[in-house]
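# Topology and contacts: notes
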Amino acid sequence: MNDTTVTMNGWVQDIRNLGGISFVILRDRYGTVQITLPKKKIEPALFSGLTSLSRESVVSVTGDVKESGQTELGLEIIPSSFELYSPAAVPLPMGVIDKVNVEMDTRLNNRFMDLRKPEIRAVFELKSMMLELLSEAMKENGFSQVFTPKLVESGAEGGATLFRLDYFGRPAYLAQSPQLYKQMLMSTGLDRIYEVGPAFRAEHSNTVRHVTEFISFDGEMSWISSQNDVMNMIEKVIHHILKGLKDKGKEQLALLGKEINVPDIPYPVLTYSECLGMLSSAGMDLKEGDDLGTEGEKLIGDIMSEKGYDLYWISEYPECEKPFYIMEKEGTPYSFSFDLDYKGQEISSGGQREHRYERLVERIAKKGLDPESFTFYTDAFRYGMPPHGGWGIGIERFLVKMLDLPNVREAILFPRDLNRLSP
Ligand code: AMO
């Protein structure tokens, strides 16, 4: 061996045979390199061994590095030996470099192959960076990371989307969110906490924004004077993530052909009532108390985008629209709640919580639920609970909006939905 001898491990992306010369393109996570085989200069067994490999086989190639004006890297490898670690069966279930449009279902059925495409993997590299940046921001702001149970006895986000399971003969559920646990922690002195973990929703709707398992980034903080304190915190975290990704994710963004816009903070706030007015002027008439709906959200997104805003708050929803844990705005039909919308889609919701025991129990009953089945939660409010508030952000919805991807599934390695439980 001399110092220009290298060994490269990777997948055989392509083989081109041009008679007197052949090329094998080898790919690893960093990119591709050209293995050049001038027929006359390469031992026949090595030549035929390398050039007859099937696409996507995994090999190790050793050879000399030569400068080359013909390749993107400016170099090529002239092989002296190779080892076949794992041959790929033929035909491939889908191509890696072929420029044909493959259906989402085919891609997801063969996700291991789909993820061999660098631009598909780039989304997950960005997702990983996003979570690092998120942890940085939370640490800077004095939050502790916690882990709450995902096997639970009661739901927090409505019965319709609960996954029921058998827990040693007793009914149990998969957690829809860490809501009740993160609030209980506010009574302990762990007064700023966050969690990043799976959330499960038995969503019966087959849409580009609903899955049955997603990663939820939840935060909860005590001693707030209003929900504005929570909104300010989310803005700080999102700003840190967007700014950080724009810088650290340059390579991945270039692969995807995307740019990240980093809006100034604070983001504009629209109240729910203002939204009804905006929608009515745009020809969509909703009644006070109605859900804005996907169409309403989209329309508001278009109006805000025209004004130059990608991210904006919708606050003070009618209390009847919001779960029992949200604080009512006394003397009005509204609540101290908010959603953060990104380009016409909700990516987060949260608010100030009802921390007063009696009122909380009243609200649980008002929502038609049995306060008795929530005593494990409400007990934490009986013995001293600080005022508090928090949020949940769907990590994948946030990422697909940031990158303008068409489907939340693009940001999930192995998505789960109404029809998909495998792979
Ligand atoms: P909510 O139910 O609005 O609030 O959920 C919070 C965020 O989670 C994401 N999300 C989803 N993403 C993909 N597929 C789904 N089926 C799905 N459902 C929700 C969205 C949404 O904004 N406990 C409250 C939060 C809080 O008040 O702290 C909650 O779970 O991005």
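The structure contained in this document is the topic of the report that follows. (Residues numbered from 1 in each chain as written. Predicted model: local features only at pLDDT ≥ 70, side-chain atom pairs only at ≥ 80, totals over all residues. Heavy atoms only, no water.)

## Considering the site of the ligand
Lining the immediate environment of the ligand, one finds 22 residues, of which Glu157, Gln179, Glu346, Ser349 and Arg353 sit closest. Between Glu203 and the ligand, the recorded distance is 3.2 Å, taken from a side-chain N or O atom to a nitrogen atom. A distance of 3.3 Å separates an oxygen atom of the ligand from a polar atom in the backbone of Ser348. Protein contact buries 93% of the 630 Å² of open area that the ligand shows by itself. If you list the elements that add at least two residues to the shell around the ligand, you get helix H5 (179-185), strand E15 (345-352) and strand E16 (388-394). The element contributing the most residues to the shell around the ligand is E15, with five residues. In the shell around the ligand, the residues fall into five nonpolar, nine polar and eight charged. (Near = heavy atom within 4 Å. Polar contact = N/O pair within 3.5 Å; in protein donor to acceptor, adjacent residues only side chain to side chain. Areas by Shrake-Rupley, 256 points an atom, 1.4 Å probe, with all protein chains shown as cover. Helix = DSSP H or I, 4+ residues; strand = E, 2+ residues; numbered from the N terminus. Nonpolar A, V, L, I, M, F, W, Y, C, P; charged D, E, K, R; others polar.)

## Structural notes on a nonpolar patch on the surface
Residues Leu151, Tyr167 and Phe168 make up a contiguous nonpolar surface patch of roughly 360 Å² in combined accessible area. Its location among the elements puts Tyr167 in strand E8 (residues 163-167). (Patch = residues over 30% accessible without salt bridge, like charges linked within 9 Å, V, L, I, M, F, W, Y side chains within 5 Å. Salt bridge = Lys/Arg side-chain N within 4 Å of Asp/Glu carboxyl O.)

## A closer look at the side chain of Arg397
Among the structural elements, Arg397 can be located in helix H12 (residues 395-402). Put simply, Arg397 is tucked away with no salt bridge, and the nearest opposite charge, on Glu346, sits 4.5 Å away. Within polar-contact distance, the side chain of Arg397 engages the backbone oxygen of Glu346 at 3.3 Å. Apart from the residues lying within four places of it in its own chain, the contact partners of Arg397 are Arg209, His210, Gln345, Glu346, Ile347 and Val408. (Buried < 20%, exposed > 50% of the residue type's maximum accessible area, 1.4 Å probe, protein only. Lys, Arg positive; Asp, Glu negative; His and termini not counted. Contact = heavy atoms within 4.5 Å.)

## Description of the nonpolar core
Grouped together as the largest cluster of nonpolar side chains are 46 residues, with contacts concentrated most on Ile238, Trp391, Phe398 and Met402. Within the residue set of this core, elements represented by two or more residues are helix H4 (118-140), strand E11 (213-222), helix H6 (227-248), helix H7 (250-256), strand E13 (311-315), strand E14 (337-342), E16 and H12. At 11 residues, H4 tops the list of elements feeding residues into this core. Counting 17 residues, the second-largest nonpolar core is a separate cluster that includes Leu180, Met184, Met186 and Met385. (Core = buried A, V, L, I, M, F, W, Y, C linked by side-chain atoms within 4.5 Å.)

## Looking at the sheet that holds strand E6 (residues 144-145)
Across the sheet, which stays open at both edges, the eight strands sit in the order E6-E10-E11-E16-E15-E14-E13-E12 with mixed pairing between neighbours. Bordering the open sheet on either side are E6 and strand E12 (269-271), each of which pairs with just one other strand. Summarising the sheet, E12 and E13 pair through three bridges and their orientation is parallel. Across the sheet, residue Thr271 finds its bridge partner in E13, namely Ser315. Sheet strands in contact with H4 are strand E10 (192-200), E11 and E16, and its direction is about 150° off that of E10. (Pairing = 2+ DSSP bridges. Axes fitted to C-alpha atoms, helices over the stretch in contact; angles between N-to-C directions.)

## As for the packing of aromatic side chains
Tallying each qualifying case throughout the model produces 12 aromatic pairs. When the centroid spacing of 6.0 Å and the interplanar angle of 40° are considered together, the rings of Tyr181 and Phe376 count as tilted. On the criterion of sequence distance, the pair formed by Tyr181 in helix H5 and Phe376 in helix H11 (residues 375-378) is long-range, its members being 195 residues apart. For Tyr181, a relative accessible area of 22% puts it in the partly exposed group. (Phe/Tyr/Trp six-rings, centres within 6.5 Å; stacked < 30°, edge-to-face > 60°.)

## Remarks on the sheet that holds strand E9 (residues 170-174)
Read across the sheet, three strands follow the order E7-E9-E8 without closing on themselves; strand pairing throughout is antiparallel. Each end of this open sheet is capped by a strand with a single partner; those strands are strand E7 (151-152) and E8. In terms of strand pairing, E8 meets E9 through five bridges, oriented antiparallel. Residue pairing across strands places Arg164 opposite Tyr173, the latter belonging to E9.

## Some thoughts on unusual backbone geometry
The amide bond that connects Ile265 to the next residue, Pro266, takes the cis arrangement and shows omega of 0°. Secondary-structure assignment places Pro266 in the loop between H7 and E12. A cis amide bond links Ser422 to the next residue, Pro423, at an omega of -5°. Although it is not a glycine, Glu56 sits at a positive phi angle of roughly 80°. Residue position: Glu56 is located in the loop between helix H1 (44-51) and strand E4 (58-67). Judged by its relative accessible area of 3%, Glu56 falls in the buried class. Even without being glycine, Phe168 reaches a positive phi, approximately 50°. Within the fold, Phe168 resides in the loop between E8 and E9. The class of Phe168 is exposed, set by a relative accessible area of 76%.

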